[in-house]
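One letter stands for each residue in the lines below.
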Amino acid sequence: AQSVTQLDSQVPVFEEAPVELRCNYSSSVSVYLFWYVQYPNQGLQLLLKYLSGSTLVKGINGFEAEFNKSQTSFHLRKPSVHISDTAEYFCAVRAAGNKLTFGGGTRVLVKP
Amino acid sequence: NAGVTQTPKFQVLKTGQSMTLQCAQDMNHNSMYWYRQDPGMGLRLIYYSASEGTTDKGEVPNGYNVSRLNKREFSLRLESAAPSQTSVYFCASSEYPGHQETQYFGPGTRLLVL
């Protein structure tokens, strides 16, 4: 069975500072990787996804993530955050034939 | 184009009461999903419907039933609510059930069972 670990449950960060959210997964087969964002009192929306090809994936709102197969990681980064990036971020993994599995989420609080 | 809509937004139930959560999508998607979200646990799949006329259990199906009423609508029923079912429920849809597919989420239903 696949599992997803988001190592940080909360990440406080100052406005205009960089942020990295860590995600590790366990799966012995090829996987497809996703990052979703949930703004307060809203549903989830897709930030970016890795299906194949370049290991560096660019998403919406200036976010990017890097797939590292040897370390089974898919960390999310943004070089300069805004107040509007305050949200909860979920990493999700799907292997062929399996359902989408979510990590526990990381709450990002951007401080002025 | 409203995407995925859910009703109600909030609900308070007493233990043992029943209720149905409604979900509809207007994107002509084939697959629909019900998740529950609990603090620190991410989202867990309750049931899904890969296509109209089919439903399957997910990770945490106990205490729930679903109906894929037509291609647009997928409802979740709690026959006898328990406090452990206090959660935020999300409906999602995708064009196909494939592993590459992006899922689109509704705004959620917050349920409190007393």
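Scroll up for the structure.
Calculation criteria
Residues numbered from 1 in each chain as written. Chains lettered and ligands numbered in written order. Predicted model: local features only at pLDDT ≥ 70, side-chain atom pairs only at ≥ 80, totals over all residues. Heavy atoms only, no water. Helix = DSSP H or I, 4+ residues; strand = E, 2+ residues; numbered from the N terminus. Rg over C-alpha atoms; globule rule 2.2 N^0.38 Å. Buried < 20%, exposed > 50% of the residue type's maximum accessible area, 1.4 Å probe, protein only. Contact = heavy atoms within 4.5 Å. Pairing = 2+ DSSP bridges. Axes fitted to C-alpha atoms, helices over the stretch in contact; angles between N-to-C directions. Disulfide = S-S within 2.5 Å. Phe/Tyr/Trp six-rings, centres within 6.5 Å; stacked < 30°, edge-to-face > 60°.

Participant: Looking at this structure, how should I read the overall build of chain A?
Facilitator: Regarding its fold elements, chain A presents 0 helices and 12 strands. Counted from the first residue to the last, chain A has its helices and strands arranged as β-β-β-β-β-β-β-β-β-β-β-β. Compactness check: chain A gives a C-alpha radius of gyration of 13 Å against a globular reference of 13 Å for 112 residues, within 12% of the reference. Considered along the principal axes of its C-alpha atoms, chain A spans approximately 45 × 30 × 20 Å. In chain A, which comprises 112 residues, the share counted as buried stands at 45%.

Participant: I keep staring at the side chain of Gln 6 of chain A and nothing clicks. Help me out?
Facilitator: Residue and element names in this part refer to chain A. Positionally, Gln 6 belongs in strand β1 (residues 3–6). Exposure remark for Gln 6: the relative accessible area of 10% places this residue in the buried category. The residues contacting Gln 6, other than those within four sequence positions of it, are Arg 22, Trp 35, Tyr 89, Phe 90, Cys 91, Gly 103, Gly 104, Gly 105 and Thr 106.

Participant: Can you walk me through the environment of Glu 101 of chain B in this structure?
Facilitator: In this fold, Glu 101 of chain B is placed in the loop between β9 (87–94) and β10 (104–105). Sequence-wise, Glu 101 of chain B and Ser 31 of chain B are 70 residues apart; in three dimensions their C-alpha atoms are separated by 9.9 Å. When sequence neighbours within four positions are dropped, the list of residues in contact with Glu 101 of chain B reads Phe 34 and Arg 94 of chain A together with Ser 94, Glu 95 and Tyr 96 of chain B.

Participant: Quick question: what am I supposed to make of the sheet that holds strand β1 (residues 4–7) of chain B here?
Facilitator: The strands that make up a sheet pair up through hydrogen bonds in the backbone, lying either parallel or antiparallel. All names here are of chain B. With respect to topology, 4 strands assemble into an open sheet ordered β1-β3-β8-β7, the strand pairing being antiparallel. With one partner strand each, in any of the chains shown, β1 and β7 (64–68) form the two edges of the open sheet. Taking each pair of neighbouring strands and ignoring which way they run, the sheet shows an average axis angle of 20°. With 4 bridges connecting them, β1 and strand β3 (residues 19–25) associate as antiparallel partners. Within β3, the residue paired with Thr 7 across the bridge is Gln 22.

Participant: Honestly, the state of the cysteines in this entry has me stumped. Any pointers?
Facilitator: Cysteine pairs can be linked by a disulfide, which is a covalent bond between their two sulfur atoms. Inspection of the entire model under this criterion finds 2 disulfides over all chains. Note that Cys 23 of chain A is cross-linked by a disulfide to Cys 91 of chain A, the S-S spacing being 2.0 Å. Because the torsion about its S-S bond is -65°, the bridge between Cys 23 of chain A and Cys 91 of chain A counts as left-handed. Of the two residues, Cys 23 of chain A is situated in strand β4 (residues 23–26) and Cys 91 of chain A in strand β10 (residues 87–95); the sequence distance between them amounts to 68 residues. Cys 91 of chain A carries the same exposure label as Cys 23 of chain A, and that label is buried. One disulfide in the model links Cys 23 of chain B with Cys 91 of chain B; its S-S distance is 1.9 Å. Taking the sign of the S-S torsion, -70° for the link of Cys 23 of chain B and Cys 91 of chain B, the bridge is left-handed. Residue Cys 23 of chain B is found in strand β3, and its partner Cys 91 of chain B is found in strand β9; the two are separated by 68 residues along the sequence. Across this residue pair, the class does not change: Cys 23 of chain B and Cys 91 of chain B are buried.

Participant: Mind showing me how you'd approach unusual backbone geometry here?
Facilitator: For residues other than glycine, phi is negative in most cases, and the peptide bonds are mostly trans. Cis geometry marks the peptide bond from Thr 7 of chain B to Pro 8 of chain B; its omega dihedral reads -5°. Among the secondary structure elements, Pro 8 of chain B is positioned in the loop between β1 and β2 (10–13). Unusually for a residue other than glycine, Asn 61 of chain A sits at a positive phi of about 60°. With respect to the helices and strands, Asn 61 of chain A occurs in the loop between β7 (56–58) and β8 (64–68). Asn 61 of chain A gets classed as partly exposed once you look at its relative accessible area, which sits at 40%.

Participant: How should I be thinking about the packing of aromatic side chains in this particular structure?
Facilitator: Think of a pair of aromatic rings as described by two things: how far the centres are apart, and how the planes are tilted against each other in angle. Overall, the coordinates contain 12 aromatic pairs over all chains when judged by the stated rule. Ring plane angle 80° and centroid distance 6.2 Å describe the contact between Phe 102 of chain A and Phe 105 of chain B, whose orientation is recorded as edge-to-face. Taken together, the residues span two chains, with Phe 102 of chain A in strand β11 (residues 101–102) and Phe 105 of chain B in strand β10. Judged by its relative accessible area of 6%, Phe 102 of chain A falls in the buried class. In this structure Phe 105 of chain B comes out as buried when scored by relative accessible area, which is 10%.

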